[in-house]
Amino acid sequence: CGTGRLVTELAARGYEVTGFDLSRPALDYLRRRLKRRGLRATVFEADMADFRLARPVDAALNTFNTFRHLLSQRAARAHLECVAAALRPGGIYVLGLHLMPRDASEEGAERWTARHGRTRVTVTLRVVGTDWRRRVERLALSLVAHRGCRVVRLRHEFALRLYRLEQFRRLLRAVPEFELCDVYDFWYEIDRPRTLDDRSADTVFILRKRA
């Protein structure tokens, strides 16, 4: 759940929410965020490839490439099995990840800026290496925060697992508890499902736990 962007939004809308992460600083921030807004949620530390919930839930969310931090087939399958065990029969899993089309460039960069009060943050995310044999993409993230005359600069490199469409389909077939219901893109427009093909890139899978 990271610092809880989705946890706080869902809690504010009245949902009963559980979030977990391996990062203690992120969870500490989330707890302060919930307290500041007068919201309630269950928050705990766990690995997304090895977790258990006390009771089944109706839905699970894992959007925008968090899933790709699992760098092996074994870890990815273990994650899907954990999610399936956490869902009630008929429960929904919303899983978003970036697929690599056959004609996609292996280089690329994105930059975005956000403001909050007097603070302005600019983030640059750049692909610095691609290894299809190991199915690993290395990325460099640079963050520059301005607040008045103060400037903070941070840089971090990390790896994500690469998926072509057929590789992801093969993974899904290994976890028969799930059926694929629909596919969307990162615009999340509920009335505009997408066709899944070799051109699919920014992809949101709607998976349902079989009864």
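Description of the structure in this document. Residue indices begin from 1 for each chain and proceed along its sequence in written order. Local features in this predicted model are restricted to residues whose pLDDT is 70 or higher, and side-chain atom pairs enter the listing and the counts only when it is 80 or higher, whereas totals over whole chains, interfaces and linings include all residues. The basis for every side-chain value is the complete set of heavy atoms in the structure, and neither hydrogens nor water enter the calculation.

### Here's the deal with the pairing of strand β8 (residues 150-161)
What makes two strands pair is DSSP finding at least two bridges between them. The helix and strand labels rest on DSSP assignments: H or I over at least four residues marks a helix, E over at least two residues marks a strand, and numbering proceeds from the N terminus. Pairing of strand β7 (residues 136-147) with β8 involves 12 bridges; the strand directions are antiparallel. Within β8, the residue paired with L139 across the bridge is F158. Linking β7 back to β8 in an antiparallel pair, the connection comprises two residues, with G148 at a positive phi of about 65 degrees.

### Digging into the sheet that holds strand β4 (residues 87-98)
The strands making up a sheet associate through hydrogen bonds between their backbones, and the pairing can be parallel or antiparallel. Reading across from one edge, β3-β4-β10-β9 is the order of the four strands in this open sheet, with mixed pairing throughout. Each having just a single partner strand, β3 (57-62) and β9 (178-184) make up the two edges of the open sheet. On average, each strand axis in the sheet is tilted by 20 degrees relative to the strand beside it, whichever way the strands run. Only the stretch in contact is used when fitting a helix axis, every axis being a line fitted to C-alpha atoms; angles between N-to-C directions are given from 0 to 180 degrees.

### A short note on the pattern of salt bridges
Two side chains with opposite charge may pair up if their charged atoms get near one another. Within this document, salt bridges are pairs made up of a side-chain nitrogen of Lys or Arg and a carboxyl oxygen of Asp or Glu, the two lying within 4 Å of each other. Across all of its chains, the model carries 15 salt bridges by this definition. Taking the shortest distance from any N to any O, the salt bridge between E9 and R13 comes out at 2.7 Å. Only protein chains enter the area calculation, which uses a 1.4 Å probe; residues under 20% of their type maximum are buried, those over 50% are exposed, and those in between are partly exposed. Among the residues examined, E9 registers a relative accessible area of 35% and is labelled partly exposed. One continuous salt-bridge network, built from bridges that share partners, spans E179, R208 and R210.

By themselves these figures say nothing about function.
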